[in-house]
Amino acid sequence: MIEVGFGFRMVPGPVRSSNATRPTRSRWHWLRKRGNVTFVRPAAEIDDRKERFYLAIASVFPLSNMTATDPGAFRFHYFSPYIVLSALSIVGGLFIMAAALVRLNRVGINAMNIAEPIFFGMCTLLQLLFVRLAQAWRGFMVYWAEREEMFFARPYGAINLRRKVIGLAVCILTSALVEHVVYVINQAYNVYQESLTCQYNVTNPLKLYGTLTFGSVYQSVPYHHLLTMYLLYTTISLTFIWTFTDLFIMLVASGIACRFGQLNKRIDSNLQNGSEAFWGEMRTHFVGLIELVERTNRIVGPLLIASCANDMYFLCLQTLNALEDKPYDINDWYFRYSFTFLILRTSVKLWFAADVDEKSVRTHKLVQKIRSEHYNDELEILRICSSGGVSISGMGFFTITRRIFLTMAGSILTYELVLMRFHRSSKGVGEDLPCGYID
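Remember, it's a predicted structure, so these values are computed and weren't measured experimentally. (Residues numbered from 1 in each chain as written. Predicted model: local features only at pLDDT ≥ 70, side-chain atom pairs only at ≥ 80, totals over all residues. Heavy atoms only, no water.)

K.L.:
What's the story with the nonpolar core in this structure? I'm lost.
P.N.:
The tendency in soluble globular proteins is for nonpolar side chains to be buried side by side. Within the largest apolar cluster, 97 residues are counted, with the highest numbers of intra-cluster contacts made by F248 and I256. When residues in this core are grouped by element, the largest group, 22 residues, is from helix α10 (residues 276–321). C198, L208, Y209 and Y437 belong to the second largest nonpolar core, which has 6 residues in total. (Core = buried A, V, L, I, M, F, W, Y, C linked by side-chain atoms within 4.5 Å. Buried < 20%, exposed > 50% of the residue type's maximum accessible area, 1.4 Å probe, protein only. Helix = DSSP H or I, 4+ residues; strand = E, 2+ residues; numbered from the N terminus.)

K.L.:
For this particular structure, what's the right way to read the packing of helix α4 (residues 81–107) against helix α9 (residues 225–268)?
P.N.:
Each pair of packed helices gets described by two things: the angle between the helix axes and the distance between those axes. Between α4 and α9, the least distance of the axes is 9 Å, while the angle of their chain directions is 105 degrees. Taken together, the axes of α4 and α9 are roughly perpendicular relative to one another. For the pair formed by α4 and α9, the contact residues are L85, L88, S89, V91, G92, G93, F95 and I96 on the first element and L227, Y230, L231, Y233, T234, S237 and L238 on the second. Here the residues of the contact of α4 with α9 are counted per class, giving 10 nonpolar, 5 polar and no charged. (Axes fitted to C-alpha atoms, helices over the stretch in contact; angles between N-to-C directions. Parallel < 35°, antiparallel > 145°, perpendicular 65-115°, else oblique. Contact = heavy atoms within 4.5 Å. Nonpolar A, V, L, I, M, F, W, Y, C, P; charged D, E, K, R; others polar.)

K.L.:
Would you take a moment to explain the pattern of salt bridges for this structure?
P.N.:
A side chain with one charge may pair with a side chain of the opposite charge, provided their charged atoms come close. Counting across every chain of the model gives 15 salt bridges. Between K349 and D246 there is a salt bridge whose closest N-O contact spans 3.3 Å. Note that K349 is positioned in helix α11 (residues 329–368) and D246 in helix α9, a separation of 103 residues in sequence. The partner of E281 in a salt bridge is R266, with the nearest N and O atoms 3.3 Å apart. Of the two residues, E281 sits in helix α10 while R266 sits in helix α9, which places them 15 residues apart along the sequence. Owing to a relative accessible area of 2%, E281 belongs among the buried residues under this scheme. Taking the relative accessible area as the measure of exposure, R266 reaches 4% and is therefore buried. One continuous salt-bridge network, built from bridges that share partners, spans D246, D311, R345 and K349. (Salt bridge = Lys/Arg side-chain N within 4 Å of Asp/Glu carboxyl O.)

Structure (structure tokens):
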């Protein structure tokens, strides 16, 4: 249905915020400001907490004052419970990684035992990157709110972004919780079977579990109950941050892709519209989204690189583990669930990130359908600036499109062959003596 009766024109304004600073001009600034007009319609009745991204993601992003109605009111505090907990995780992760490296230096390296320092090192890096992100979050959300404000006026409709955010978060975090619970059960069963096989005289089950689970640490320092509890907290928090990083990338990409979807839906219903003013508005909205993606890539790019590298390594490692025999049934079931969850989580993350590219390219495809008699200057500018699309990127090193699935599959196959060769050549190296626990 073609839009008619647009109303009056006026210069588009930013989100009203007394604390918001004026954003720096992007390379698209000249194009977004061309004509400098948009059609203002009576705002639709929307629920801010369901539609605005910074309020929708506040349901799952653990920052204080995230529910403020104005993103300019966000504040980063160095001395807050979240920063203290993050600092504990970072110190614990570095401590375990250092202890694991000391152990590897003593016993040798194989394809399996190198996973421990890599896991704790990468997850500690992710934790540090989230602290960096928290510092930039206020400015990022002010910028985001300015770019999505135009989608809250008619004829754009409500999409209930919060429901999508919560639904995705519940699925991913619940699956992660189940995975960790099964891991604890699996590890406890392994410890129990070792105690039976080696006939340990166990007087302190917690000491047995802690010593065998964190063997790298307790080969370097004396055992203590409080240290075991701290190491358990570190393991849980860093495992969570790995999963949460993937979830966060999904949510950010979904928040951008849904706006491209709204824009495409409106363009699709106006393919017979020859109004230059209308296409000027569409051009303004599209360029605003391009600017948002570019800002997102600068802020979220380091997280994306670390997340993809971590996922790639453990996909290769778990593929190698699939070739190993499992001594107990519970080991086999835990491996199947953990590996399936990793594959699905990585695939869903990449699918949501690639959706930004797909929907931005669809804008160009829709513009190409318009008959020549409806063409005008604004439509031609929109066609040109939408021709290349825009993608979520890892700091410019790679872009996330649908083709990345084939690229990753080829890379995993290549590195898997290298890992298998290393595994065969290091057989018997880096293994501790059995039954080494002393109560």
